[in-house]
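Working through the structure, step by step
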2 protein chains.
Amino acid sequence: MSNSLVPETRVLAVASQVVYGHVGNSMASFAMQSLGCDVAALNTVHFSNHTGYRQFKGTRATAQEITDLYQGLCQSNLTDFDVMLSGYAPSAAAVEAVGAIGMDLKKKSGKPGSFFWVLDPVMGDQGRLYVNGDVVPAYKEVIKHADLILPNQFEAEVLSGIEITSLATLAEAITAIHRIYSVPHVIITSVQLSKLSQSGCTPTPPENFLTVIGSTTKSDGSPRLFRVDVPALDCFFSGTGDMFAALMVARLREAVAAAGDGLQSTASWVSPDSVSATTLPLAQATLKVLSSMHSVLERTMEARNAELAKMALETSQSEGLSVEEQQKQDYLRRTKAAEVRLVRNVQFLRDPLVQFEAQEWRKEDLPVGLQ
Amino acid sequence: MSNSLVPETRVLAVASQVVYGHVGNSMASFAMQSLGCDVAALNTVHFSNHTGYRQFKGTRATAQEITDLYQGLCQSNLTDFDVMLSGYAPSAAAVEAVGAIGMDLKKKSGKPGSFFWVLDPVMGDQGRLYVNGDVVPAYKEVIKHADLILPNQFEAEVLSGIEITSLATLAEAITAIHRIYSVPHVIITSVQLSKLSQSGCTPTPPENFLTVIGSTTKSDGSPRLFRVDVPALDCFFSGTGDMFAALMVARLREAVAAAGDGLQSTASWVSPDSVSATTLPLAQATLKVLSSMHSVLERTMEARNAELAKMALETSQSEGLSVEEQQKQDYLRRTKAAEVRLVRNVQFLRDPLVQFEAQEWRKEDLPVGLQ
């Protein structure tokens, strides 16, 4: 047994699946399996490729089909999952169907801590919803039953009702999410802090950094906030949210087991109040996850840049194509070139070289009123 | 880059997918990925679990849906596959749709050896068809375009029209498959030679052995036959055919690259006539595949036996159930207990300890008429 495997973990992964490339379960299954998790993949869509190509073919599962697959598991007693990871669902009814699965698994699990639900509330990005409007209220109901949610900045705004324009409003949004939805763990993936107004507090990372902000509640419901700054890469990669979520499942499970003190049999794996923000299992897991991702994405960017350089040298292919068609072909090739190089870089998933550190948001760093 | 990865290989895997457990693509994707292959999984069914449970829920893809997904890949230029692995297809029309994909990829590939198609003609087992009758003629057309086919003993009988009752008829069946379908590589997975009449030739393996028989044609179309005997485990495991096929894709690619001499750019990777049966890349790959499988299945059986021992000690659960219901619950649990322990045993996939050897079927061992 390799030492780089995390403790045995049975995961139900409910997300999209694509034939080509790595997003949704086509990213998450292998990422979790490579760390030793046994993954049951329930696919909410089956598309040829991710939507970043601007064209795709395939099918969406109905809410009934999602429910049926789960009923199939139930009737044969195949529901002994330790963790559920839920991602993209193609409709409000599908979000509700996935929510019902999470609630049923929690009910079945019995003992505190024996089932943990990681939910990625996939709704939109960069100020824009890319799901139907009725998906938002569906998520607002469902996440009340999740243990950890992973919104991006825009989704955190939608869920909290707070526009994130500063560190102060960011802390307010996380506090609100803990309070409104009783969700004990939150990570807001990728906030560009340098773009926010700074209110004169905490060191600002340089412009080309992204910040990941996380928090586990204390027993009084107040947040324990930590942040990790990571260098941003100059490229858009699809599936990084799914990669973050998948690696987080494995690494959080590992960190909770390592924490001892019966944390694994504590409801929602919430650490005692004495544990500081930066020593939270959530923070420790985040460091490993981001380190793995940074290594894989760096290598992806190198491979993508080599591919773009090759493209620049080839001109003959464009003969006979209209300008518009040529632009489309270029776009498709650039999108393909940015597909995450997952499988050949598995050693960075399994054995991350931890190169970042978690910083605590101290009370005195926060504006008055949030202290 | 780990040394245990095979040369970079892009695989289109067209097969069934289950939420729980490891059969079809739910076996093959991880098996190939763990050896370093980039796998695009096109799922022909999405079931809750394998049919060995005697109950399942889920959906089958229509031939049109399979074709659409492939068209989705084509329109975005995502068809640069080195290998296609095709397994279960849920209807004759679906077999034809998969066949059309294989033929199109071969046409697109251009250069000899740059595309290789491994086809598992999933039709039945143990003397029984488990597909509609019209699937048989569909396969008989489609396999003419495959490079390697992996029938079990029953499927080899169906394809060759020869009942396999002896070593002589086994050799006849393989010879016939090469000839009728012009398919250059054949492996018949799991023949129980000790059950066949021996015609007094070749050493007979002991009763608890299974034999895998393979052949690559010579330039005159005649077979180069090798066999590998492996100890049989006293348990039925679902998904072993898919495991064999998936590992074969990776190991054959590796063996062909290692063979040098331009074999990779030779049509269908057929070795020169001077290469003996046991030194064929197909034979070398088979040894690694069977060694990996034996280690994983041994460990699966240990885990399953521990689970069965636990079951035997538990009696309280049966209270209040009818005898029939109790038997059903026992059956489900035994079936679950025999699910292949794939993910935690990945090191045996990556670094097989080769423990078997290939034997040549020499001419003089074969009955007159096949020499």
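No experiment lies behind these values; they were computed from the predicted model shown.

What chain A contains, in helices and strands, is 10 helices and 12 strands. Its C-alpha radius of gyration of 21 Å places chain A within 12% of the 21 Å reference for a compact globule of 371 residues. Along the first, second and third principal axes, the C-alpha set of chain A runs to 70 × 60 × 45 Å. The buried share of chain A, taken over its 371 residues, is 57%. Contacts in chain A between residues far apart in sequence, at least 24 positions, make up 73% of those at least 6 positions apart. As displayed, chain A has an accessible area near 14,800 Å², and 49% of this comes from carbon and sulfur atoms. Once the 31 positive and 39 negative side-chain charges of chain A are each reduced to a mean point, those two points are 2 Å apart.

Time to look at the pairing of strand β2 (residues 38-47) of chain B. All names here are of chain B. With respect to burial, β2 is a largely interior element, 9 of its 10 residues being buried. Relative to β2, strand β1 (residues 10-18) is paired through 8 bridges, and the arrangement is parallel. Bridged to A15 within β2 is N43. On the question of chirality, the crossover connecting β1 to the parallel β2 by way of helix α1 (residues 25-34) is right-handed. As judged from the 3 bridges shared by β2 and strand β3 (residues 58-60), these two strands associate in the antiparallel manner.

With that out of the way, let us pick up the relation of the copies chain B and chain A. Of the transformation superimposing chain B on chain A, the axial component is 0.0 Å and the angular component is 180°, with the fit at an RMSD of 0.0 Å. Viewed as a symmetry operation, the transformation between the two copies matches a two-fold axis. In terms of C-alpha distance to the rotation axis, chain B has F30 of chain B as its closest residue, with the C-alpha 3.4 Å off the axis.

A few words now on the packing of aromatic side chains. Counted according to the given criterion, the structure contains 7 aromatic pairs over all chains. Sitting over the ring of Y331 of chain B, R54 of chain B keeps its end group 3.7 Å from the ring centre.

Across the 10 residues of helix α1 (residues 25-34) of chain A, 10 count as buried, placing the element largely inside the fold. Burial in α1 of chain A covers these residues: N25, S26, M27, A28, S29, F30, A31, M32, Q33 and S34 of chain A. Buried residues along α1 of chain A sit against β1 (10-18), β2 (38-47), β4 (83-86), α7 (240-259) and α10 (346-350) of chain A together with α1 of chain B. Residue G36 of chain A follows α1 of chain A closely and has a positive phi angle near 105°.

As a further point, take helix α9 (residues 323-337) of chain B. Taking 1.5 Å as the rise per residue, α9 of chain B with 15 residues should run 21 Å; its terminal C-alpha atoms sit 21 Å apart, in good agreement. Regarding α9 of chain B, the residues found buried are L332, T335 and A337 of chain B.

This paragraph deals with the interface of chain B and chain A. Listed by partner, the interface residues are 53 residues for chain B and 53 residues for chain A. For the chain B and chain A pair, buried surface summed over both sides reaches about 4,400 Å², with 55% attributable to carbon and sulfur atoms. Connecting chain B to chain A are 2 salt bridges. One salt bridge connects D80 of chain A with K336 of chain B, and the closest N-O pair in it is separated by 2.8 Å. Remark: the boundary between chain B and chain A carries 20 residue pairs in polar contact (both at pLDDT 80 or more). At the level of elements, β1, α1, β2, β3, α2 (63-75), α9 and α10 (346-350) of chain B are the ones that each hand at least two residues to the side of chain B that touches chain A. With 8 residues, the single largest contributor to the side of chain B that touches chain A is β2 of chain B.

By the secondary structure assignment, L35 of chain A is in the loop between α1 and β2. Expressed as a C-alpha distance, the spacing of L35 of chain A and S48 of chain A, which sit 13 residues apart in the sequence, is 26 Å. Excluding residues that lie within four positions of it along the chain, L35 of chain A makes contacts with S4, L5, V6, L247, A250, R251, L349 and R350 of chain A together with R344 of chain B.

Our focus in this paragraph is the sheet that holds strand β5 (residues 116-119) of chain B. Residues and elements named next belong to chain B. Across the sheet, which stays open at both edges, the 10 strands sit in the order β3-β2-β1-β4-β5-β8-β9-β10-β11-β12 with mixed pairing between neighbours. Either end of the sheet is taken by a strand with one partner, and the two such strands are β3 and β12 (358-360). Where helix α5 (residues 153-160) meets the sheet, it contacts β8 (148-149) and β9 (185-191), and its direction lies at approximately 135° from that of β9. The strands that helix α8 (residues 281-313) touches are β8, β9, β10 (209-216), β11 (225-231) and β12; relative to β11, the one it contacts most, it runs at about 10°.

As a further point, take the side chain of S29 of chain B. Tracing the sequence through the fold places S29 of chain B in helix α1. Residue contacts for S29 of chain B: discarding those within four places in its chain leaves V39 and A41 of chain B.

The next point concerns the packing of helix α3 (residues 92-109) of chain A against helix α4 (residues 135-142) of chain A. All names here are of chain A. The interhelical angle for the contact between α3 and α4, taken along N-to-C directions, is 10°, at an axis separation of 8 Å. Considering the angle they form, α3 stands roughly parallel to α4. Of α4, the residues touching α3 (which contributes A92, V95, E96 and G99) are V135, A138, Y139 and V142. Looking at side-chain class alone, the contact of α3 with α4 contains 6 nonpolar, 1 polar and 1 charged residues.

Let's shift gears to the pairing of strand β9 (residues 185-191) of chain A. Side-chain positions along a regular strand alternate between the two faces of the sheet. Residues and elements named next belong to chain A. For β9, a buried count of 6 out of 7 residues is recorded, marking the element as mostly surrounded by other parts of the structure. Strand direction decides the pairing type here: strand β8 (residues 148-149) and β9, joined by 2 bridges, are parallel. Each bridged residue has a counterpart across the sheet, and for L148 the counterpart in β9 is H185. With 5 bridges connecting them, β9 and strand β10 (residues 209-216) associate as antiparallel partners. For I188, the partnering residue across the bridge sits in β10 and is I213.

For the rest of this paragraph, the subject is the environment of Q264 of chain B. Residue and element names in this part refer to chain B. Summarising the element assignment, Q264 is placed in the loop between α7 (240-259) and α8. Judged by relative accessible area, which is 35%, Q264 ranks as partly exposed. With 148 residues separating them along the chain, Q264 and F116 place their C-alpha atoms 9.9 Å apart. Not counting chain neighbours up to four residues away, the residues in contact with Q264 comprise P112, G113, S114, R253, V256, A257 and W269.

Our focus in this paragraph is the pattern of salt bridges. Taken as a whole and judged by the stated rule, the model has 30 salt bridges over all chains. For K144 of chain A, the salt bridge identified is with E141 of chain A, shortest N-O distance 3.0 Å. Connected through shared salt-bridge partners, R10, D80, D82 and R253 of chain A together with K336 of chain B make up one network.

Our focus in this paragraph is the sheet that holds strand β5 (residues 116-119) of chain A. Residue and element names in this part refer to chain A. The 10 strands are arranged β3-β2-β1-β4-β5-β8-β9-β10-β11-β12 in an open sheet whose pairing can be described as mixed. If you trace the sheet from one side to the other, it starts and ends with β3 (58-60) and β12 (358-360), each paired once. In terms of strand pairing, β5 meets β8 through 2 bridges, oriented parallel. Looking across to β8, one finds that V118 is bridged to L148.

So, about the confidence of the model for chain A. Summarising the model, chain A shows a mean pLDDT of 92, and 92% of its residues fall at 70 or more. Scoring the predicted complex yields pTM 0.95 and, for the interface, ipTM 0.94.

Let us look at the nonpolar core. Across soluble globular proteins, you tend to see nonpolar side chains buried next to one another. Counting 114 residues, the largest nonpolar core has M32 of chain A together with M32 of chain B as the members making the most contacts within it. The contacts of M32 of chain B, once residues within four sequence positions are left out, are V11, A13, C37, V39, L85, A246 and V249 of chain B.

Residues and elements named next belong to chain B. Contact geometry for α2 and helix α3 (residues 92-109): axes closest at 8 Å, N-to-C directions at 20°. It follows from the interaxial angle that α2 and α3 lie roughly parallel. Once α2 is placed against α3, the crossing between them reads as right-handed. Of the residues in α3, those touching α2 at A63, I66, T67, Y70 and C74 are A93, A94, A97, V98, I101, D104, L105 and K108. Class assignment for the residues of the contact of α2 with α3 results in 10 nonpolar, 1 polar and 2 charged.

Calculation criteria
Residues numbered from 1 in each chain as written. Chains lettered and ligands numbered in written order. Predicted model: local features only at pLDDT ≥ 70, side-chain atom pairs only at ≥ 80, totals over all residues. Heavy atoms only, no water. Helix = DSSP H or I, 4+ residues; strand = E, 2+ residues; numbered from the N terminus. Rg over C-alpha atoms; globule rule 2.2 N^0.38 Å. Buried < 20%, exposed > 50% of the residue type's maximum accessible area, 1.4 Å probe, protein only. Contact = heavy atoms within 4.5 Å. Areas by Shrake-Rupley, 256 points an atom, 1.4 Å probe, with all protein chains shown as cover. Lys, Arg positive; Asp, Glu negative; His and termini not counted. Charge placed at Lys NZ, Arg CZ, Asp CG, Glu CD. Pairing = 2+ DSSP bridges. Right-handed = clockwise from strand over helix to strand, strands pointing away. Least-squares fit on C-alpha atoms with pLDDT ≥ 70 in both. Phe/Tyr/Trp six-rings, centres within 6.5 Å; stacked < 30°, edge-to-face > 60°. Lys NZ or Arg CZ within 6 Å of the ring centre and 35° of its normal. Expected span 1.5 Å × (residues − 1). Buried area = accessible area lost by both parts, 1.4 Å probe. Salt bridge = Lys/Arg side-chain N within 4 Å of Asp/Glu carboxyl O. Polar contact = N/O pair within 3.5 Å; in protein donor to acceptor, adjacent residues only side chain to side chain. Axes fitted to C-alpha atoms, helices over the stretch in contact; angles between N-to-C directions. Parallel < 35°, antiparallel > 145°, perpendicular 65-115°, else oblique. Nonpolar A, V, L, I, M, F, W, Y, C, P; charged D, E, K, R; others polar. pLDDT = per-residue confidence, 0-100. Core = buried A, V, L, I, M, F, W, Y, C linked by side-chain atoms within 4.5 Å. Left-handed = near helix turned anticlockwise from the far one by under 90°.

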